[in-house]
Amino acid sequence: MKVQFISPVLAFMALAVNATPSWSNPHISQSTPEENLSDFIQEEEKIKHTQATPPEPSNFESTYNTAVIFQCDNSHTIPITKARISDPSSEEEYHVLYWVPHHFPTHQALELCENVANQLQSYYNSGELKELSLVAGWVEQRGAVCIESTPEEEGVGQYGDGNCTPNQDKVLFYLNDNDKPNDVLLEMIPKRRGGIFTRVSFPWLP
């Protein structure tokens, strides 16, 4: 009888010895409360960075995503200096100057067309072009097309009378000998409104 009583007790003690708590098992990594908090913060930061940025209002896009590019288009019978204005929803073109062949030979027309497009782009990028206009006249006894400040009294019309001031810094390009400046510019302007106008402004710029 004694033997039968001792055996269950020994079995219970053996189970108690072998049942090591998980917190004392060296093979299971333990985390302190501070480490748990740090992991939580890191995970929260990851979620913030993966969240999509809310879209801006549509008027923001139309205002700040508008592109104005001046370029020389030589895909036609004559080169054309033009401006392309585009935004996410539309695109428009404005012809600025036609390089008519009886005043500009082909090689000269292409060179001037590119050069003037680059100069107009530079004036636009600096924020000056909306206040300027193209005029024709004489600079040091040479026919020229210049870029000058638009007089306020001329209003907002695209065309008006003008003349170059004797300032070489404002010359966009010189004309060939025997060319009359106002006549040449008049022929280069894409469209004309009654009368003779020798000033071209840019009221269509955004």
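For the structure itself, consult the block above.
Chemist: Just checking my understanding: could you explain the nonpolar core for this structure?
Modeler: As a rule of thumb, nonpolar side chains are buried together in soluble globular proteins. Of all hydrophobic cores here, the largest spans 34 residues; its most connected members are Phe 70, Trp 99, Phe 104, Leu 120, Leu 134 and Phe 173. Secondary-structure elements contributing two or more residues to this core are β1 (67-73), β2 (80-87), β3 (90-98), α4 (106-125), β4 (132-139), β5 (142-149), β7 (171-174) and α5 (181-188). Apart from the residues within four sequence positions on either side, Phe 104 is in contact with Trp 99, Ala 109, Leu 112, Phe 173, Leu 175, Val 184 and Met 188.

Chemist: I keep staring at α4 and nothing clicks. Help me out?
Modeler: Owing to its 3.6 residues per turn, the α-helix brings residues three or four apart onto one side. With 20 residues, α4 ought to run about 28 Å at 1.5 Å a step, and its terminal C-alpha atoms sit 29 Å apart, in line with that. Looking only at α4, the buried set comprises Gln 108, Ala 109, Leu 112, Cys 113, Val 116, Ala 117, Leu 120, Gln 121 and Tyr 123. Those residues of α4 hidden inside the fold are in contact with β1, β2, β3, β4, β5 and β7. Positioned one or two residues after α4, Gly 127 has a phi angle of 85°, which is positive.

Chemist: Mind showing me how you'd approach the sheet that holds β3 here?
Modeler: Through backbone hydrogen bonds, the strands of a sheet pair up, either in parallel or in antiparallel fashion. Strand order in this open sheet of three strands is β1-β2-β3, and the pairing throughout is antiparallel. Of all the strands in the sheet, just β1 and β3 have a single pairing partner and so form its edges. Strand-to-strand, the axes of this sheet are offset by a mean angle of 20°, without reference to chain direction. Pairing of β2 with β3, which is carried by eight bridges, proceeds in the antiparallel orientation. Bridged to Asp 87 within β3 is Ser 90.

Chemist: Can you walk me through the pairing of β2 in this structure?
Modeler: Across a regular strand the side chains alternate sides, sitting on one face of the sheet and then on the other. With respect to burial, β2 is a largely interior element, six of its eight residues being buried. Relative to β2, β1 runs antiparallel, the two being bridged by seven bridges. What sits directly across from Ile 69, in β2, is Arg 84. Remark: six residues form the turn of the hairpin made by β1 and β2, two consecutive strands paired antiparallel.

Chemist: Help me understand unusual backbone geometry, please; the structure alone is not making it clear to me.
Modeler: With the exception of glycine, most residues fall at negative phi, and the peptide bonds are largely trans. In the Ramachandran plot, Gln 141 falls in the positive-phi region, its phi being about 65° despite a non-glycine side chain. Note on placement: Gln 141 falls in the loop between β4 and β5. On the accessibility criterion, Gln 141 (76% relative accessible area) is exposed. Unusually for a residue other than glycine, Asn 178 sits at a positive phi of about 75°. Positionally, Asn 178 belongs in the loop between β7 and α5. The exposure class of Asn 178 is exposed, given its relative accessible area of 80%.

About the criteria used
Residues numbered from 1 in each chain as written. Predicted model: local features only at pLDDT ≥ 70, side-chain atom pairs only at ≥ 80, totals over all residues. Heavy atoms only, no water. Core = buried A, V, L, I, M, F, W, Y, C linked by side-chain atoms within 4.5 Å. Buried < 20%, exposed > 50% of the residue type's maximum accessible area, 1.4 Å probe, protein only. Helix = DSSP H or I, 4+ residues; strand = E, 2+ residues; numbered from the N terminus. Contact = heavy atoms within 4.5 Å. Expected span 1.5 Å × (residues − 1). Pairing = 2+ DSSP bridges. Axes fitted to C-alpha atoms, helices over the stretch in contact; angles between N-to-C directions.

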